[in-house]
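# Overview (structure and organization)
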Amino acid sequence: MTDTPKDSGAEKPDYKDTVFLPKTNFPMKAGLANKEPAILERWENIGLYQKLRESRKYAEKFILHDGPPYANGNIHIGHALNKTLKDLVVRSQSLLGKDAPYVPGWDCHGLPIEWKIEEQYRKKKRNKDEVPPSEFRAECREYADKWVDVQREEFKRLGVMGEWDTPYLTMDYHAEATIVSELLKFAESGQLYRGAKPVMWSPVEKTALAEAEVEYEDITSTQIDVAFEITAAPNAPKLQELIDAGEKIHAVIWTTTPWTIPVNQALAYGADIEYVIISGTDLNRWSGDSEHLKNYRYLIAKYLLKDFKLRLGLDNEREEWSNEENREVRISPNIKTIWEGKGSELAGAMAKHPMADVLSIPLPDGERLGEGNKPSDEHPTLSLKGEDSKDASFFTKPRPFLDGSTFVTTEAGTGLVHMSPDHGEDDFDLCKAYGINPVFAVDGDGVYREDWAWLPRGDERAGSVINNKFTAPDGPICNDLRDAGALLSAKRDESTKHSYPHSWRSKAKIIYRCTPQWFVPMDKASQTLEPIEEPKTVCPEPVEGQSATHASTSSAGTDDVQNAADELTLRQKAIKAIADTRFVPEKGRNRISSMVEGRPDWVLSRQRAWGVPIALFLDRKTGDYLNDKNVNNRIIEAFKKGGADAWFNADHQEFLGDAYNLDDYDIVTDILDVWFDSGCTHVFTLESDIWPSQSWKADLYLEGSDQHRGWFQSSLLESCGTRGEAPYKAVLTHGFTMDKNGKKMSKSLGNTIDPKKIINVNGADILRLWAASVDYTEDHRIGDEILKGVTDTYRKLRNTFRYMLGGLSDFEESERVAPSDMPELERYILHRLAIVDAQLKEHINNFAFGPYMRTLSSFAQDDLSAFFFDIRKDCLYCDAPSDPKRRAYRSAMDILFHALTRYIAPVLVFTAEEIWQSRFPNENDSIHLKVWPDVDAAWQDDALNDKWGQIREVRIQVTEAIEPLRRDKIIRSSLEAEVRYPLKDLPISGEEFTELCIVADLTDGELSVTKTDHHKCGRCWRLLPEVNEDGDLCGRCEDVIHG
RNA sequence: GGGCCGGUAGCUCAGUUGGUUAGAGCGCACCCCUGAUAAGGGUGAGGUCGCAAGUUCAAAUCUUGCUCGGCCCA
C-alpha cells in the first residue's frame, strides 16, 4: 500500500481513499429557478414534443381536450393548478405508452375584453358608439392576442408540454365559422326559438347591461299600496260566499315601482303565509268616492297588518303595537277580521286590474288609445309584439292569483306581490310557468309604447318610467290609480330609501325589461317543430315544460308531429349522456345532473359586439328565421374566409342569393353567448384538420368544479343538440385553491399567491409537486408552510436520486446480475418495486396524483433510503467491485433508478430530466421520451414479502432496544451494539441479521443489547472479532485492498 | 336565501360494509453518525376525528340540527 495516510499524528493508516464512495456531480442543491429555463430551451430546440408524437405514432390515443382560459390578465394560482393537472394527465398517459397530444386553447370573445377596450376609449374621451364596429372588433382581437401571448409564456414556464405554436382560439376564423355552422345546425333542426327574457336595461343608453356594468346606489322611490278587486276564489269557500253575497273585497299589493302597475298581469301569494281580510268603514284618507273606500274589505298577510295599517293611517290605537313580538291582529273597535286563511286557499282566485273599469268605458275620441296596430320601433318585425291593448282588453282580463312561494315573503309589503312579467325575473318565471307572456309595453327609451292603452307616448303626461315625476305620488300613475279608487297609500321620503341598480356609465337608473332573445329549448323534442299553443291567460296549473312565448317555426318538419314521442328532448339527451360519462370524482355526476335537470332554456343571444353573430335572417312578415341550407352554406364559407366580421360587413343580399330579397328580411345583429363558443371547441378542435393529432370524442375534460355550470355543460348541451351525445368520455373536476387558512384568495384581502413568484423562488417543479400532492378533488390550500413541506419532500426525493447517481457511477452492463441471481434482500426490494409499480399505475389511471406521489415518496424514503440503501452501504463502499453481492446490489439499484426516474418524470419534469442527463448525457435524448419501466411481474414474491415483513418488524425491535444505550452514551453507532435475540424467532441466520441491523454481532437469547468488545476495522468501521486492534483491517477489507 | 360539496395531529393525507389503544409521511424535540454531510440513521411528543343531540352493545364512520369554509345559483 503506497498511499499511506498523510496525517503524521495517526498511528493507523487512513483507508478513506480505498472506500468506493458515491461519486456524482449532481448537486444536492437544486437551484430550479435558474436551471428550468435552460432545460425548457433545450426541449424546444430538440423539438421534444414532436419527437414524442413521432415515437407514439402508432400508439393508442388519449385525448385530453383543453378547456380554454379567458385571454385576459396574467395567470393566477387556479390556472397553474389546472394546467399542471392537465400536464400530469397528459404526461402520465404518455408515459404509459399512449399517444397523448395536447392542444391548448383560449376563449377570446366576450364582455370582459369588450369592456377593456371601452375603458381605453373612455380614457381617450372617445365614444364607443361612434367607432365603427369592425374597428372596435379589431381592437378586441388585438387585445385578446396580446394576452394569449402572455399566458402562453406563463404556461410554458410551468413545464406544460403541448402544441403551443398552434393553439386553438375561439376567435380564429375557422373557429368562428364552425361556431356559426353549429348554431345553424340548431336552427336547421328547429332547436332555436325567439323568446323573451327580462334583462337589465338602461333606458338612457337604450341598451342591455351585464351584471358587471351595474352599480347599486340608494334611492328614494314612491311606494304604493294598490287594491285589486277579487272576483273569484274557488278554493276559499267562505271568501267565495262573501263575493257571491256582493261584498267588494280587495287584495292589496305594495310596490316600489308604481310604473309597473299598468303592465300587471297577475298576483302572487305564498302558499304557507297566513292571510286575513279586514273590514272597516273609516277609510277616507284619499280622495275618490268608490264605494269600497267607505266600506272596505282588504286581503293582506296577517303578519304585515301592522305596517299596512300604519301606512294607511287606519290604526287609532298605535300604542298597542309597541310589542314587536306580538304582531297578532289587534282589532280596533271599528276594524274587524272577516276571513282568515292560508295562501294556498287563494289558488285559482281571480282579481280585476284596477284600471279595468276606467278603460272598459269607451273614451271620448280614442285619443289615448292610438290608431291602428303600429309596431313599436324597437323590434319592428317581431312577432313577439305581445298584447295589443288598444281596445283595453288587456286590462279587462282577470288577473289570476299564482303560487309565488319561492319568493313571496312577509318581510315587507302586504304578502301579496303584483306580477309584471315584463319587468321582473321572478315575475317572468312565475308567469311563464302559467302561460302568461310579457307584453313589451315599455319601449327601449323607457316610455310606454304608442299603442298602449295606459299613458301611451301621445299622452302629454307620459314620461320615462325612471323619471321621478312620472312615478311620484302626484304623478300620472298614482293620480290615475287614485281616480280608479285603487290607490290606498303613496309615499316617498327618506324612509323609503333602498338600494337600486344604476348604469355604471350614465349613472342613470336601470330597469328590468323584457327583450327578445334567442333560446335553445331544453324540453322540445328535436326535429319536431310543433308550435306551442297560444298561452292561456287564465290557467290555474303550471304548464309543464312549456318553453316560452312564440316558438319560431321554420319551414322543415312541421308534418312529422307523430314522431314527437320517439324523439328525445335536449334535456333528456343530456341526462342520458351524463349517465354514459365517467366522473372523477364521482360526485361531479350528481352536481351536473341536478343542474341539467333544473336549468331553464339556454339563452344564446347577447346584445354585444365582440363575439360570433347569430347569423340569421328574419322574415319581416312572419318573424320566423330563414332556414335554407344554401344560404347557410354561403354564410359559413364567408366566415371561413373573413371570420365573424363577414356578417357585420357583408353584402347580405349575396348570402341570400337570387331566391330571396333582402328587403323582406331583417338581419339579426345579436351575438352568441360566449358559452356557446366554448361549447363548440370540441368541434373546431377535435374534428378539425388543423390538428391531425386530435380526434372526437375526447377521453377527458378537466376543469374546476365551477365548470359544471360552465364549459362541461355548454359542451354537453352543444354536443347533445348536434350529435346526441357528450363530447367527452370522462370529466375530471378539481376544487379551488384557498390561502393558508382555507380562505378564498382575493386581491382585496391581499392573500393571493402568485404562481410566478413561486416559480421564480422555488421553481416550477415545486409548484408542480404541490399540485400533485394536494387532494385536488376538494378545495385545498397553499401557503408558505405548505410550500416548505413540499420543498422538503422534494429535497428528500432529490437526494435519494443523488445517492443512486453516486452509487451507480461507472456501472457497466458487464457488471449486471440477473434478478433471479440476486440475494434475497435485492429480490425483496424488487418485489416491493413490483408492488409499487402496480399501485402507481392504478393511481395514474384514476388520476390520483396525491396517492401516486405519496406511494412514490414513501417507497423512496422507507424502503430505499432508510432500509435498503442504509443496509447496503457497507457493501457498496467496502466490498470489492467484482463481488457478486455488490454487483447484484448495483444491478438492483440500476433497475430502481430507471423505474424511479420515469415515475417522477410526469411530476418533476425538470428534475427528472436533470437526473437523466446527469447519468446519460445526450443532447437529443430526454427522459420524457421514455415509456413506463419494464417491471417484471414475476419479481412479485409473496412468500418473500411475508418473510421480510417479519424481518423488518424484528429489525424495528432491535433498533428500539439500541436506543436507550445510545442515549446513555454506552454506545454510539449501532455498529457497536451486540444484540441478543431468540434465533428460533428469526427467519434468517443471525449472521445475515447482523448485517441487516447494522450491528456488531447477534447471538441467541432474550432480546438485549450490550456494547461489543470487538475492534473497529480501519476501513469499513465494522466491529469484528477478527480485528485485533482498532484501525486494523478486517479480513474482507484486507482482501479488497491487497487481494 | 336555495342546491351541491367539505371540516381527522403544526402541514399534506390514509382510515374498507359502524368493531381492539384513530394511522403514514413531512415538520418539531431529543439522540447518533460525520464515508449520501446545507445530507443520512434512530427514538419520541403531538388528535375529546368542527360542535351538539340521536340511533346502536359499539360511531371518525349512520341520522338530525348547528357552525365554519367553498362552488354554483337567487
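Now for a description of the structure that goes with this document. (Residues numbered from 1 in each chain as written. Chains lettered and ligands numbered in written order. Predicted model: local features only at pLDDT ≥ 70, side-chain atom pairs only at ≥ 80, totals over all residues. Heavy atoms only, no water.)

## As for the packing of aromatic side chains
Evaluated as defined, the whole model comprises 29 aromatic pairs. Residues Tyr903 and Trp932 carry aromatic rings whose centres are separated by 5.1 Å and whose planes lie at 50° to one another, so their mutual orientation is tilted. Of the two residues, Tyr903 sits in helix 29 (residues 884–904) while Trp932 sits in the loop between helix 30 (909–919) and helix 31 (942–967), which places them 29 residues apart along the sequence. Residue Trp932 is classed as buried on the basis of its relative accessible area of 9%. The ring of Tyr49 has Arg53 sitting right over it, with the charged end atom 4.8 Å from the ring centre. Directly above the aromatic system of Trp43 lies the positively charged group of Arg91, at a separation of 5.9 Å from the ring centroid. (Phe/Tyr/Trp six-rings, centres within 6.5 Å; stacked < 30°, edge-to-face > 60°. Helix = DSSP H or I, 4+ residues; strand = E, 2+ residues; numbered from the N terminus. Buried < 20%, exposed > 50% of the residue type's maximum accessible area, 1.4 Å probe, protein only. Lys NZ or Arg CZ within 6 Å of the ring centre and 35° of its normal.)

## So, the nonpolar core
Ranked by internal contacts, the top residues of the largest apolar core, which has 153 residues, are Trp770, Leu833, Phe868, Tyr903 and Phe993. With residues near it in sequence (within four places) discarded, Trp770 still touches Ile77, Leu81, Thr737, His780, Arg781, Ile782, Ile786, Leu787 and Val790. Core analysis: the next-biggest nonpolar cluster, separate from the first, contains 66 residues, Ala349, Leu430, Trp452 and Ala486 among them. (Core = buried A, V, L, I, M, F, W, Y, C linked by side-chain atoms within 4.5 Å. Contact = heavy atoms within 4.5 Å.)

## Focus on the pairing of strand 16 (residues 487–491)
Extensive coverage of strand 16 is indicated by the burial of four of its five residues. Relative to strand 16, strand 7 (residues 223–232) is paired through four bridges, and the arrangement is antiparallel. The partner of Val226 across the bridge, within strand 16, is Leu487. (Pairing = 2+ DSSP bridges.)

## Topic: a positive patch on the surface
Taken together, Lys116, Lys123, Lys146 and Lys747 make up a surface patch of like positive charges. Inspection of the secondary structure puts Lys116 in helix 4 (residues 111–123). (Patch = residues over 30% accessible without salt bridge, like charges linked within 9 Å, V, L, I, M, F, W, Y side chains within 5 Å. Areas by Shrake-Rupley, 256 points an atom, 1.4 Å probe, with all protein chains shown as cover. Salt bridge = Lys/Arg side-chain N within 4 Å of Asp/Glu carboxyl O. Lys, Arg positive; Asp, Glu negative; His and termini not counted. Charge placed at Lys NZ, Arg CZ, Asp CG, Glu CD.)

## Considering the protein's contact with RNA strand B
Not every one of the 52 residues close to RNA strand B is listed here, only the nearest: Asp775, Asp779, Asn799, Arg802 and Lys969. Those atoms of RNA strand B that come within 4 Å of the protein belong to sugar or phosphate at a rate of 81%. Here Asn590 contributes a side-chain N or O atom positioned 3.5 Å from a sugar or linking oxygen of RNA strand B. Side-chain polar atom of Trp1021 to a base oxygen of RNA strand B: 3.4 Å apart, as the coordinates give it. By residue number, the principal contributor to the surface near RNA strand B is helix 25 (residues 784–807), which donates nine residues. Residues belonging to the surface near RNA strand B are distributed by class as follows: 14 nonpolar, ten polar and 28 charged. (Near = heavy atom within 4 Å. Polar contact = N/O pair within 3.5 Å; in protein donor to acceptor, adjacent residues only side chain to side chain. Nonpolar A, V, L, I, M, F, W, Y, C, P; charged D, E, K, R; others polar.)

## Considering the pairing of strand 7
A large share of strand 7 lies buried, amounting to eight of its ten residues. The pairing of strand 7 with strand 8 (residues 250–255) spans six bridges and is classified as antiparallel. Its bridge partner being in strand 8, Ile224 is matched across the sheet by Thr255. Both strand 7 and strand 13 (residues 350–352) contribute to a ladder of three bridges, which runs antiparallel. By the bridge assignment, Glu229 is partnered in strand 13 with Lys352.

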